[in-house]
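Structural overview
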Amino acid sequence: MSNELISKKDLLNLTGISYGQLYRWKRKDLIPEDWFIRKSTYTGQETFFPKAEILERIAKIQTMKENVSLDELADIFSPGGTSCKLNKEELLATGLVSETVIQYYLANATVYQDVFEFNNVMVMYVLEKLLQSGDISLDEGKMIIQLFQDYYLAAQAKKIVLIVIRKMGISSCVIAEKTDVLQFESNTKIVANVDFAQISEELRLKM
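First things first, this report covers the structure right here in the doc. Nothing here was measured: the structure is a model prediction, and the numbers come from that model. (Residues numbered from 1 in each chain as written. Predicted model: local features only at pLDDT ≥ 70, side-chain atom pairs only at ≥ 80, totals over all residues. Heavy atoms only, no water.)

The sheet built from three strands is open, its strands ordered S7-S6-S8 with antiparallel pairing. Looking along the sheet, the strands with just one partner apiece sit at the ends: strand S7 (170-177) and strand S8 (189-195). Within the sheet, the average angular offset between the axes of one strand and its neighbour, ignoring direction, is 15 degrees. (Pairing = 2+ DSSP bridges. Helix = DSSP H or I, 4+ residues; strand = E, 2+ residues; numbered from the N terminus. Axes fitted to C-alpha atoms, helices over the stretch in contact; angles between N-to-C directions.)

Another aspect to go through is the nonpolar core. When a protein is soluble and globular, its nonpolar side chains tend to lie buried together. Grouped together as the largest cluster of nonpolar side chains are 37 residues, with contacts concentrated most on Leu-127, Ile-144 and Leu-162. Looking at this core, the elements with two or more residues in it are helix H6 (99-108), helix H7 (118-133), helix H8 (138-155), strand S6 (160-167), S7, S8 and helix H9 (196-206). The contacts of Ile-144, once residues within four sequence positions are left out, are Leu-127, Leu-130, Ile-136, Leu-162, Val-164 and Cys-173. Within the second largest apolar cluster, 22 residues are counted, among which are Ile-6, Ile-61, Val-68 and Ala-74. (Core = buried A, V, L, I, M, F, W, Y, C linked by side-chain atoms within 4.5 Å. Buried < 20%, exposed > 50% of the residue type's maximum accessible area, 1.4 Å probe, protein only. Contact = heavy atoms within 4.5 Å.)

Turning next to the sheet that holds strand S3 (residues 44-50). Strand order in the open sheet made by the three strands is S1-S3-S2, with antiparallel pairing throughout. Only two strands of the sheet have a single neighbouring strand rather than two, namely strand S1 (5-7) and strand S2 (37-41). Put simply, the sheet's adjacent strands are angled 45 degrees from each other on average, direction ignored. By the bridge criterion, three bridges tie S1 to S3 in an arrangement that is antiparallel. Residue pairing across strands places Ser-7 opposite Phe-48, the latter belonging to S3. Contacts from helix H3 (residues 51-64) reach S1 and S3, with the element oriented near 70 degrees to S3.

Another point: the packing of helix H4 (residues 70-77) against H9. Where H4 contacts H9, the two axes come as close as 7 Å, and the packing angle between them is 135 degrees. Overall, the two elements H4 and H9 adopt an arrangement that is oblique. In this structure, H4 contributes Asp-75, Ile-76 and Phe-77 to the contact, and H9 contributes Ser-200, Glu-201, Arg-204 and Leu-205. Residue composition of the contact of H4 with H9, by class: three nonpolar, one polar and three charged. (Parallel < 35°, antiparallel > 145°, perpendicular 65-115°, else oblique. Nonpolar A, V, L, I, M, F, W, Y, C, P; charged D, E, K, R; others polar.)

Following this line, the structure appears as structure tokens:
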């Protein structure tokens, strides 16, 4: 989350939305509760928001709300899983994940799957991006698959990030809450830092 904040008054003026719209979107879970930050000012208590995140979210809502219901938007922006299930052919038809990555995922997952839930698709989508970009190796991809099989279900209700690090040719990966401050040894290279709330939103929009 960005450190720069914007006041509620400035936000309403800048975006042209009303107080009522803002709080309706909050009630509909289009805007996270933890983005409403209460701070003391010389005039008393005021509400502030993380500037980059709230402006981007409002722009998306304004662009999409004519064609998508607020309930559907809430599902898109939700950090949790959905009831979406796709078989291999349906997943390939989306164009989001290649045949190569699906086979790679199946070869390294400990439980065979012929139908993929949203969380499985999300991991494959991340692998597709990281492997295609060359940011991670095939062995690092295997670690990511194993990590998510072991720990993602316990972490999925939280806002999490995936961090892959490398030092002297030795790699490791970790799932952490987005608010955690992690310190690594000197000369440790962060080769991937993936925000799964953003990935979830990006994937839902594309699907």
